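Structural overview for review
One letter stands for each residue in the lines below.
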Amino acid sequence: MKNTTKNILIFDTTLRDGEQSPGASLTVNEKVMIAEQLAKLGVDIIEAGFPVASSGDFEAVKKIARTIEGPVICGLARAVDADIDCCWEAVKYAKRPRIHTFIATSDIHRDEKLRKSKEEVIASAVRAVKRAKGYCDDVEFSPEDAGRTSLEYMCDVVRAVIAAGATTINIPDTVGYTEPEEFAHRIRTLFEKVPEARDIVVSVHCHNDLGNAVANSLAAVKQGATQVECCINGIGERAGNASLEEIVMNLKTRRDFFEADTRINTRELFKTSRLVSNLTGLEIARNKAIVGRNAFAHEAGIHQHGVLQSKATYEIMNAEEVGWAGDTIVIGKHSGKHAVTALLEEEGYLLNEEQTNFVTEKVKELADKNKTVERDDVLAIAMDVIGQLPDQEKRIRLEGFTVVTGSGMTPTASVKLLIDGTERIGTGVGDGPIDALSKAVWSLIDPSVKLLEYNLKAITGGTDALADVSIKLQDAGGRIFSGRAVNEDVIKAGVQAIISGLNRAMNASGGK
Ligand code: KIV
Ligand code: ZN
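Computed from a predicted structure; not experimentally measured. (Residues numbered from 1 in each chain as written. Chains lettered and ligands numbered in written order. Predicted model: local features only at pLDDT ≥ 70, side-chain atom pairs only at ≥ 80, totals over all residues. Heavy atoms only, no water.)

**Here's the deal with the sheet that holds strand β3 (residues 45-49)**
- If you walk around this closed barrel you meet the eight strands as β2-β3-β4-β5-β6-β7-β8-β9, and the pairing is parallel. The average undirected angle you get between the axes of adjacent strands in this sheet is 25 degrees.
- Sheet strands in contact with helix α3 (residues 81-91) are β4 (72-78) and β5 (97-104), and its direction is about 160 degrees off that of β4.
- The strands that helix α9 (residues 244-253) touches are β2 (9-12) and β9 (227-230); relative to β2, the one it contacts most, it runs at about 170 degrees. (Pairing = 2+ DSSP bridges. Helix = DSSP H or I, 4+ residues; strand = E, 2+ residues; numbered from the N terminus. Axes fitted to C-alpha atoms, helices over the stretch in contact; angles between N-to-C directions. Contact = heavy atoms within 4.5 Å.)

**Considering the sheet that holds strand β11 (residues 396-404)**
- If you walk across this open sheet you meet the three strands as β11-β12-β13, and the pairing is antiparallel. Among the strands making up the open sheet, the edge pair consists of β11 and β13 (422-429). Pairwise comparison of adjacent strand axes, ignoring direction, gives a mean angle of 15 degrees for this sheet.
- Note: strand β12 (residues 412-419) against β13, eight bridges, orientation antiparallel. Note that in β13 the partner of Ser414 across the bridge is Thr427.

**So, α3**
- For α3, the complete set of buried residues consists of Asp83, Ile84, Cys86, Cys87, Trp88, Ala90 and Val91.
- Residues of α3 that are buried make contact with α2 (55-67), β4, β5 and α5 (118-133). (Buried < 20%, exposed > 50% of the residue type's maximum accessible area, 1.4 Å probe, protein only.)

**Overview of the packing of α3 against α5**
- Where α3 meets α5, the axes come as close as 10 Å, and the angle between the chain directions of the two elements is 25 degrees. As summarised for this structure, α3 and α5 are arranged roughly parallel, according to the angle between their axes. For the pair α3 and α5, the crossing hand works out as right-handed. Contacts from Asp81, Ile84 and Asp85 in α3 reach Arg127, Ala128, Arg131 and Ala132 in α5.
- For the contact of α3 with α5, a count of residues per class yields three nonpolar, no polar and four charged. (Parallel < 35°, antiparallel > 145°, perpendicular 65-115°, else oblique. Left-handed = near helix turned anticlockwise from the far one by under 90°. Nonpolar A, V, L, I, M, F, W, Y, C, P; charged D, E, K, R; others polar.)

**Here we look at the domain arrangement of the chain**
- Domain assignment breaks the chain into domain 1 (6-280), domain 2 (337-386) and domain 3 (391-509).
- The centre of domain 2, based on its C-alpha atoms, is set 24 Å off from the matching centre of domain 3. (Domains from an automatic or database assignment.)

**Brief notes about the coordination of the zinc ion (ligand 2)**
- Those donors, Asp17 (OD), His205 (NE2) and His207 (NE2), are the protein atoms that reach the zinc ion (ligand 2), and they lie 2.0 to 2.1 Å from it.
- For the zinc ion (ligand 2), all donor residues lie on one chain, and their spacing in sequence is D-x187-H-x1-H. Of this pair, Asp17 sits in the loop between β2 and α1 (28-41) while His205 sits in strand β8 (residues 201-206), placing them 188 residues apart in sequence. Across this residue pair, the class does not change: Asp17 and His205 are buried. (Donors = N, O, S within 2.8 Å, 3.2 Å for Na, K, Ca; no water.)

**Details of the packing of α1 against helix α11 (residues 269-280)**
- Interaxial distance between α1 and α11 falls to 10 Å at its minimum, and their mutual angle equals 170 degrees. In terms of axis orientation, α1 runs roughly antiparallel to α11. Crossing handedness for the pair α1 and α11: left-handed. The segment α1 lies against α11, with Glu30, Met33, Ile34, Gln37, Leu38, Lys40 and Leu41 engaging Leu269, Lys271, Thr272, Leu275, Val276 and Leu279.

Shown next as structure tokens:
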């Protein structure tokens, strides 16, 4: 039988567009950990960040370029010299580097944002591609907001950048506006009007504002697109990007329809999904396709009966194929390092020796206090360890605190912090102990940083449950930072979470 299956390149942008999800900021080490897992998953290209955007982004792209083997490592750059030069400085360490440059082409973006004529935009795009080509052969170009750009002009732009040397052309539906048939028509027309596009890679990048990101991407594949840009769990700006796991499993499960496949090791999907969710703090809906906890669960009796007779009655994929084998490891009082390591691996956590030892010790400590230690407790402790900033990034340290509270009195708190090496003591009163403590902390730090969210979760058990606190802060520039801490003491977890968020905000701003 003739094998007509073509290969679709998977371009993962979890660390760039995905990290643009409100509140999803990651540390350099967390990004490297995700990149390692993406390489294991078998993605073809990792878009590791937007190097000019911040020093943290630059460092992360550079570290990923230096350390991750296998995929092409790509950085994003606007179509301006400084961005392209900076992007190259970060990606140049990769065995296979790529510069991805973009400029908006829709009328609304050109007129309102760029204030450039059509000719000026083409000139900037061509200049950017040529400058990037001066550094490396592999250059991708995106006409931003292509989904709302006139087809004729989009084709003119694409023709010009191919002539300038672009090796991948990416067609983004930046605001998730198009419908699958329309998007398919756009890709079909591109191949008709710009036949030279057949000799390079044509990619698509769809946002999910109307819930069409996966359908639009797949419609484009049907028309000949050979690269899809997507994010684990579909995270990304606003409603997110096309979900990688849904794209991949559509192509695999319906190979008969698409006559296409990917190089993804689908058994790594579940782990990767959990890792990204845990590190970004963006939870996965239980009913999310492919990786939601309910995706392979059968509740209705009639379905259960059918599945027991033959899985094929109600299952079009099986759970093992996406790496979801159920919770096979159970943690108890006598579990040691091996059990903890196995459980963490099952959940996609790649901890080093020191971190694993720490988690194991903590698990034993809890068990010795006669606490019931469950899977979620172990995961929360691991998250806490992973989320720890390296010592040099901890500009604020908690030296101690007191809180006085009780019935019929106003809670008061004092806190002792070491800020950039100087000991400071602050006090505060509030509506409750945590409120008083946070006022005490805020009496010592930049008041333009605001606490946006404070979430407390008791992980498992009763009054002895571990407290898991996650917070979100916003700085004066509107940037959002998250912090998290796990502790048996709910008040300590609260203040530690606030301090971890403040450290991230201070590192990003470089100042106070
Ligand atoms: O959505 C978009 O247009 C982008 C581009 C930078 C490709 O993310
Ligand atoms: Zn995007």
